[in-house]
Amino acid sequence: MDSPRVAVIVEDDQDIRELISVILGQSGFEVHAASNGADGVRLVRDKKPAIVTLDLGLPDIDGFEVARRIRLFSDAYIIMLTGRADEMDTLMGLETGADDYLTKPFRPRELRARISAMMRRPRSAGEAPVAAAAVENVPVLAQMKMPQSQPAPVNAAQPVSAVLPVNAVLPVNAMETAPVSTAALSVNGLVLNSRDRTAEVDGTELELTRTEFDLLRAIVDSGRAVRTKSDLVRWLRGEEYDAGTYISDADERTIEVHVANLRRKLGDNPRDPRWIKTVRGVGYKLVH
């Protein structure tokens, strides 16, 4: 199991490496840093972090290959940091196993918010989210001029109605209040176990990243309701529906890439889906 309060930084720029180290250190993480890809992979293997920040342009092996190697043995959350504005680079990063990305230069507040959202996701049923409060309540560094506002935490509430129209679109605030089943769910040969965060298709276990598992669980838990791409973006970030945050086309494209990776691992044909159906112009829903 990954260590819940450990983070690894893989970054060749010393100034950025030190900035990220300060942010994570003040957020309560034990921080380890590497200036190249090979050392970064070794650190992740040895330290078993919960969070990895990964620069795309490293001096020895690029961030894409580093992410591929990390995914062979770790399910740590990977946030890719890139100075490139090309969307294809971002999409390639997500396809190699990254969970999220930030474009340099980035605001320290935004990095903290992304990490906080990831750490709010429970690792297994009945297990409390790890280090979320520490990330959200980090002291403000005056020289960084970090804003005080933070994304609101996800709060448990009453279950949403189990009866929904076929093409219902459930808003993200209702999505956040929906209970997460602790029992194994079985849908057309897919078995999803939230207790140990495993997924199987016809008895074969799938190798999913944490973000892929969370998205699959959200779609399965929704039943016949449609999940919009913007709702899924906000849900993964732990944001309220009316938080006023901007969801860009690139953010929604990130969801598309994660869903495409899910379909590939599931062996699900989008033209004749067994599990995930695209509702054109809206989002995704579970096939029944």
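Before any of the text, the structure's been laid out above.
These remarks concern the structure in this document. All of these numbers come straight from a predicted model, not from anything done at the bench.

For the rest of this paragraph, the subject is the sheet that holds strand β9 (residues 204–205). Reading across from one edge, β6-β7-β8-β9 is the order of the four strands in this open sheet, with antiparallel pairing throughout. Two strands in the sheet have a free side with no partner beyond their single neighbour: β6 (184–187) and β9. Here strand β8 (residues 198–201) pairs with β9 via two bridges, running antiparallel. By the bridge assignment, valine 201 is partnered in β9 with threonine 204.

Time to look at the packing of helix α2 (residues 37–47) against helix α3 (residues 63–71). The N-to-C vectors of α2 and α3 enclose an angle of 20 degrees; their axes lie 10 Å apart at closest approach. Relative to α3, the element α2 lies roughly parallel. The handedness of the crossing between α2 and α3 comes out as right-handed. Across from Gly37, Val41 and Val44 in α2, the residues of α3 making contact are Val66, Arg69 and Ile70. Among the residues forming the contact of α2 with α3, the class breakdown is four nonpolar, one polar and one charged.

Our focus in this paragraph is the environment of arginine 71. Here arginine 71 lies in helix α3. A sequence separation of 138 residues divides arginine 71 from threonine 209, and the C-alpha atoms of the two residues are 8.0 Å apart. The residues touching arginine 71, leaving out its near neighbours within four places in the chain, are Ala76, Ile78, Thr96, Gly97, Asp99 and Thr209. One polar contact links the side chain of arginine 71 to the main-chain carbonyl oxygen of alanine 76, over a distance of 2.8 Å.

Moving on, we get to the packing of helix α8 (residues 210–221) against helix α10 (residues 249–266). Remark: α8 packs on α10, axes separated minimally by 10 Å, with the N-to-C direction vectors making an angle of 90 degrees. One finds that α8 runs roughly perpendicular with respect to α10. On the side of α8, the interface is formed by Thr211, Glu212, Leu215 and Leu216, while α10 contributes Ile255, His258, Asn261, Leu262, Lys265 and Leu266. Classifying every residue of the contact of α8 with α10 by side-chain character gives five nonpolar, three polar and two charged.

With that settled, the discussion passes to the nonpolar core. In summary, soluble globular proteins display a tendency toward joint burial of nonpolar side chains. In this structure, Leu190, Leu216, Ile255, Leu266 and Ile276 are the most contacted members of the largest nonpolar core, which totals 26 residues. Mapped by element, the contributors of at least two residues to this core are β7 (190–193), β8, α8, α9 (229–237), α10 and β12 (283–286). When residues in this core are grouped by element, the largest group, six residues, is from α8. Apart from residues lying up to four places away in sequence, isoleucine 276 is in contact with Leu216, Ile219, Val259, Leu262, Arg263, Leu266, Asp268, Tyr284, Lys285 and Val287. The next biggest cluster of nonpolar side chains, apart from the first, holds 23 residues, and it includes Val10, Leu56, Leu58 and Ile61.

Parameters at a glance
Residues numbered from 1 in each chain as written. Predicted model: local features only at pLDDT ≥ 70, side-chain atom pairs only at ≥ 80, totals over all residues. Heavy atoms only, no water. Pairing = 2+ DSSP bridges. Helix = DSSP H or I, 4+ residues; strand = E, 2+ residues; numbered from the N terminus. Axes fitted to C-alpha atoms, helices over the stretch in contact; angles between N-to-C directions. Parallel < 35°, antiparallel > 145°, perpendicular 65-115°, else oblique. Left-handed = near helix turned anticlockwise from the far one by under 90°. Contact = heavy atoms within 4.5 Å. Nonpolar A, V, L, I, M, F, W, Y, C, P; charged D, E, K, R; others polar. Polar contact = N/O pair within 3.5 Å; in protein donor to acceptor, adjacent residues only side chain to side chain. Core = buried A, V, L, I, M, F, W, Y, C linked by side-chain atoms within 4.5 Å. Buried < 20%, exposed > 50% of the residue type's maximum accessible area, 1.4 Å probe, protein only.

None of the figures reported here should be taken as evidence of function without further support.
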